[in-house]
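# Survey of secondary and tertiary structure
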Amino acid sequence: MKSRTNGEGLRDKVAGANPAPVTIAPMTQPATGATLLEARDLSKHFGGLRAVASISFRVRQGEIVGVIGPNGAGKTTLFALLSGFLPATSGEVLFEDAPILGLRPDTLCHLGMARTFQVVRPFPEMTVFENVKAAAVFGKQGRRSNQEILSDVEEVLRATGLAPLAGQHPPSLSLPQRKRLEVARALATRPKLLLLDEVLAGLNPKEIQEALPFIRSLNEKHRVTILMIEHNLRAIMGVCQRILVLNFGQLIFDGAPSDAVEDARVIEAYLGGQQHA
Amino acid sequence: MGNLTRAFVSERTAGCIVTGFVLALPFLLSFNPYYTSVFVSALILGAVAIAWNLLAGVCGQVSFGHAAFFGIGAYTSAVLVTKWGFSPYLGLVAGGVFGGLGSLIIGIPAFRLRGPYFALAILGFAEVMKLLALNLTWLTEGSLGIMNIAPLPPLEVGSLKIDFYASRTTNYYVVALLMFAVYLVVYFLRRSNLGLAMSAVHGDDETAAGIGVNVFRTKAIALTVSATCTGVMGAFYAHYVRFLSPDTAFDGYWSVMPIVASLFGGMSALIGPMAGALVITGLDEFVFKRFFETGHKLFFGLLLAVVIVWAPTGLLGNRVGKRSEGDKR
């Protein structure tokens, strides 16, 4: 375990992270769509701390892109910048070739970008049904008939497996169910791009195993492009076509998951440099 | 099923029960003018509390200064009627409109603030309004107050003449009607999509924004509707009491007591604040005042402490539920 120059260490870590096997079908289809989201030299400074330091990347239509990195790498800050919850210090973000920095989260939602939160935030006083309905009603601009909204809600509840729980209040749901609700609510806004912030965190291997095909089906059946932050490396390796690796606010890798585990900078970020080992 | 927050009584049933009680109350008090006037005040308070609770209980924005909108409504109507000879009925409408406009003046800057800071901003606004009423003497007569405000003129329905000047009972039923109107506004607003947005903002305003709710607009609508209803009640108060001074119209009572009534009655039920207003008035009148003639108001504080500690959801809190969609399936 001392020698980590050839990337074996990270492979070990990936393979040995979960004792229970998580079988993941390899992703084969390459995404060739137009650029949906593009960040150019995006930065966020908190005083002297550079939480996000001139990051540039693109997400193409139809892709599932993973964002990984050690704790404090700036993943969640990056999401907050993209989704309008934090103002950026400098840089540019384009969504469908239009600049979106400075727009409010609700405007971004209307444009077709939805996010989930790392810590689930359901509306506790509203039933599961109402939680999803609120998203269906307000997620898109323009009035839609009640009928359309209800059928949308039904469809989302069915797709997320929450239909039997429609009348429950969120505090009575289990964590995986609440995570599903978080995704259901984002999905009900009919997004083109879905930002998932650690939707798998806190789930056990069996639950993750169930969640992965679900995420993939969002991408395949609902034609949603996905940008997801994840700590579970095995999950992200299996489900993402491309990953971005952040470390200390910088983008240190952008490419195929299989190449990431061979990349010297990624290995150093995760396992420490040779000199420290 | 197995849901702890399951309702025992629907909001509609609770609303009907409380309204029925309000309608029957003068008979129970055998039309005693003193008690009737006590409960006219209770109904004014209850209606303001229902309006306050739209902002606080439904939309989650607590205001410490509803006296501002109450006073604006009262002064608007009093000035229009005494100085420019408007009909008092028009005064009620104008009171509501100006109460609503006043809320926009403070709401637009104050909604940049959250929680207690927002509440304090409104409290400050109420003080500013009181000072304006004191100092704009050409309009408000300052601390002398406006005297001899015309009562609501008699209504003639066929051969029936309803006189608001002579009878407390007719005043009682007018205020009961106004209270019911405020309740219906709040009731239907919450059932609408706008009500859904308000509940979402109450739950978590960042997430609400994330699913496309215009948070600022939603809060502003809740505040404006709440302030308009409060303004109408203020206008009614002016024509009922027939004397206004800055100290009575902008009294802290109108800021504090709606909160007490709402906490007491339960903020999750729309009719809760009304029930709370009736119960605290009844307790005050028939219990506290009997035994402690001076300082009986101290008991409101004690009562509030008891409610907050032992029944934080209020009298009707867990017993009245909203109609939950998806519950029936």
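A brief report on the enclosed structure follows.

Calculation criteria
- Residues numbered from 1 in each chain as written.
- Chains lettered and ligands numbered in written order.
- Predicted model: local features only at pLDDT ≥ 70, side-chain atom pairs only at ≥ 80, totals over all residues.
- Heavy atoms only, no water.
- 1 Å grid on protein atoms, 1.4 Å probe; cavity = no way out; pocket = protein on both sides within 12 Å on 5 of 7 lines; lining within 4 Å.
- Points joined across faces, edges and corners; volume = space filled by probe spheres on them.
- Helix = DSSP H or I, 4+ residues; strand = E, 2+ residues; numbered from the N terminus.
- Nonpolar A, V, L, I, M, F, W, Y, C, P; charged D, E, K, R; others polar.
- Core = buried A, V, L, I, M, F, W, Y, C linked by side-chain atoms within 4.5 Å.
- Buried < 20%, exposed > 50% of the residue type's maximum accessible area, 1.4 Å probe, protein only.
- Contact = heavy atoms within 4.5 Å.
- Axes fitted to C-alpha atoms, helices over the stretch in contact; angles between N-to-C directions.
- Left-handed = near helix turned anticlockwise from the far one by under 90°.
- Salt bridge = Lys/Arg side-chain N within 4 Å of Asp/Glu carboxyl O.
- Polar contact = N/O pair within 3.5 Å; in protein donor to acceptor, adjacent residues only side chain to side chain.
- Right-handed = clockwise from strand over helix to strand, strands pointing away.

Going through the model one piece at a time under the given rule, you end up with 2 cavities of 30 Å³ or more. In this structure, the largest cavity encloses a volume near 50 Å³. Taken together, A:Ala114, A:Arg115, A:Phe117, A:Glu182, A:Arg185, A:Ala186, B:Thr207, B:Gly210 and B:Ile211 make up the full set of residues lining the largest cavity. Of all the secondary structure elements, the ones that give two or more residues to the lining of the largest cavity are strand 6 (113–115) and helix 6 (175–188) of chain A together with helix 9 (205–210) of chain B. Considering every element that reaches the lining of the largest cavity, the biggest residue donor is helix 6 of chain A, with 3 residues. Among the residues making up the lining of the largest cavity, the classes are represented as 4 nonpolar, 2 polar and 3 charged. Lining of the second largest cavity is provided by A:Ser83, A:Phe85, A:Pro105, A:Leu108, A:Cys109, A:Met113, A:Ala114, A:Arg115 and B:Gly210. Elements represented by at least two residues in the lining of the second largest cavity include exactly helix 3 (105–111) and strand 6 of chain A. Here the residues of the lining of the second largest cavity are counted per class, giving 6 nonpolar, 2 polar and 1 charged.

Moving on to the nonpolar core. Ranked by internal contacts, the top residues of the largest apolar core, which has 155 residues, are B:Ile44 and B:Phe236. No other element matches helix 2 (residues 33–58) of chain B, which puts 16 residues into this core. Among residues more than four places away in sequence, those in contact with B:Ile44 are B:Phe70, B:Val175, B:Met233, B:Phe236, B:Tyr237, B:Tyr240 and B:Trp254. Counting residues in hydrophobic clusters, the runner-up holds 26 residues, among them A:Leu37, A:Ile55, A:Phe57 and A:Leu227.

Turning our eyes to something else, we now look at the packing of helix 4 (residues 88–110) of chain B against helix 10 (residues 215–241) of chain B. Residue and element names in this part refer to chain B. Running from amino to carboxyl end, helix 4 crosses helix 10 at an angle of 145 degrees, the nearest separation of the two axes being 7 Å. Taken as a pair, helix 4 and helix 10 cross one another with a handedness that is right-handed. The segment helix 4 lies against helix 10, with Pro 88, Gly 91, Leu 92, Gly 95, Gly 96, Val 97, Gly 99, Gly 100, Ser 103, Leu 104, Gly 107 and Ile 108 engaging Phe 216, Leu 223, Thr 224, Ala 227, Thr 228, Gly 231, Val 232, Ala 235, Phe 236 and His 239. Here the residues of the contact of helix 4 with helix 10 sort into 11 nonpolar, 11 polar and no charged.

In this complex, chain B contributes 26 residues to the contact, which on the side of chain A involves 29 residues. Across the contact surface, chain B and chain A share 2 salt bridges. The salt bridge partner of B:Asp204 is A:Arg121, with a shortest N-O separation of 2.7 Å. Scanning the region where chain B abuts chain A turns up 5 residue pairs in polar contact (both at pLDDT 80 or more). Those elements that provide at least two residues to the side of chain B that touches chain A are helix 8 (193–203) and helix 9 of chain B. Of the residues forming the side of chain B that touches chain A, the biggest block, 6 residues, is contributed by helix 8 of chain B. Residue classes in the side of chain B that touches chain A are distributed as 8 nonpolar, 11 polar and 7 charged.

Turning next to unusual backbone geometry. Positive phi, close to 25 degrees, is recorded for A:Ser54, a residue that is not glycine. Residue classification places A:Ser54 among the partly exposed residues on the basis of a relative accessible area of 44%.

Residue and element names in this part refer to chain A. With 5 of 5 residues buried, strand 7 (residues 193–197) lies mostly within the body of the structure. Burial along strand 7 is two-sided: Leu 193, Leu 195 and Asp 197 facing one way and Leu 194 and Leu 196 facing the other are all buried. In this fold, strand 7 hands off to helix 7 (residues 205–221), which returns the chain to strand 8 (residues 225–229); that crossover is right-handed.

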